[in-house]
Amino acid sequence: MLTVGAVAPNALKILGMFSGSAGKKGRSKEYVDTSRKRLVQNKLLEYTANGFLKLTPKGEAKLRQLELHEYKTKKPKLWDKKWRILIFDIREERRSLRDKVRNTLIAIGFQRLQDSVWVYPYDCEDLMTLLKVDFKVGKELLYLIVEKIENDAWLKKKFNVS
């Protein structure tokens, strides 16, 4: 599993509890660091004076594409047989944000697995990092990469993967 957190460097400490497999605790932080560095190098994110990350105008434009339902994730020729899961827990007082997250996931092509649990078969780590920064949420959105979902035949059919 992988949790993506890019709102603040200190927030990455919570990621130690999620790892791709037992005994590889540093793996999640490595993935997050790689994603964060790539987004900074591509000028989609930048550091503020206090060390937090914020969207650049280029990053904002990328997210506006999402909101306009123009964003298409790159679908590889071969599926890596890993599911990308986004779990969000946003309070009732922030209902408009919850609706915005849900509508964005639908626009990308995520499939609802349960209330506030969404699944997608392709890599979208950078995109989820951008969304977390844009929506100004940290621990409220968790991005996971999992190898198995129980009874996933309907998902494989839905996404046309095997």
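Residues numbered from 1 in each chain as written. Predicted model: local features only at pLDDT ≥ 70, side-chain atom pairs only at ≥ 80, totals over all residues. Heavy atoms only, no water.

(A) Molecular detail of the nonpolar core. In this structure, Trp83, Val101, Leu105, Phe110 and Met128 are the most contacted members of the largest nonpolar core, which totals 39 residues. At the level of elements, strand S2 (53-55), strand S3 (83-88), helix H3 (95-108), strand S5 (117-120), helix H4 (125-135), strand S6 (141-146) and helix H5 (153-159) are the ones that each hand at least two residues to this core. The greatest single-element share of this core, amounting to six residues, is contributed by H4. With sequence-adjacent residues up to four places away left out, valine 101 is seen in contact with Phe88, Ile90, Phe135 and Leu141. (Core = buried A, V, L, I, M, F, W, Y, C linked by side-chain atoms within 4.5 Å. Buried < 20%, exposed > 50% of the residue type's maximum accessible area, 1.4 Å probe, protein only. Helix = DSSP H or I, 4+ residues; strand = E, 2+ residues; numbered from the N terminus. Contact = heavy atoms within 4.5 Å.)

(B) Molecular detail of the confidence of the model for the chain. Averaged over the chain, the pLDDT score is 78; the fraction of residues at 70 or greater is 77%. For the stretch residues 1-25, pLDDT sits under 50, and the model shows 56 contacts to residues farther than four places along the chain or on other chains. (pLDDT = per-residue confidence, 0-100.)

(C) View of a positive patch on the surface. On the surface, a cluster of positive charge is contributed by Lys43, Lys58, Lys62 and Lys74. Mapped onto the elements, lysine 58 comes out in helix H2 (residues 57-67). For lysine 58, a relative accessible area of 49% puts it in the partly exposed group. (Patch = residues over 30% accessible without salt bridge, like charges linked within 9 Å, V, L, I, M, F, W, Y side chains within 5 Å. Areas by Shrake-Rupley, 256 points an atom, 1.4 Å probe, with all protein chains shown as cover. Salt bridge = Lys/Arg side-chain N within 4 Å of Asp/Glu carboxyl O. Lys, Arg positive; Asp, Glu negative; His and termini not counted. Charge placed at Lys NZ, Arg CZ, Asp CG, Glu CD.)

(D) Main features of the pattern of salt bridges. If you walk through the whole model with that rule in mind, you get 11 salt bridges. Between glutamate 140 and arginine 94 there is a salt bridge; the shortest N-O distance is 3.0 Å. Placement of the pair is glutamate 140 in the loop between H4 and S6 and arginine 94 in the loop between S3 and H3, with a sequence separation of 46 residues. For glutamate 140, a relative accessible area of 16% puts it in the buried group. Between aspartate 99 and arginine 102 there is a salt bridge, with its nearest N and O atoms 2.7 Å apart. Residue aspartate 99 and its partner arginine 102 are located together in helix H3, separated by three residues, close to a single helical turn. Look at aspartate 99 and you get partly exposed, because its relative accessible area is 28%. Here the salt bridges do not stand alone but share partners, grouping Arg91, Glu93, Arg94 and Glu140 into one network.

(E) How the structure looks around unusual backbone geometry. At lysine 43, a position not held by glycine, the phi torsion is positive, near 60°. Residue placement: lysine 43 occurs in the loop between helix H1 (26-41) and strand S1 (45-47). We note that asparagine 160 has phi near 60°; this positive angle belongs to a residue other than glycine. Residue placement: asparagine 160 occurs in the segment after H5.

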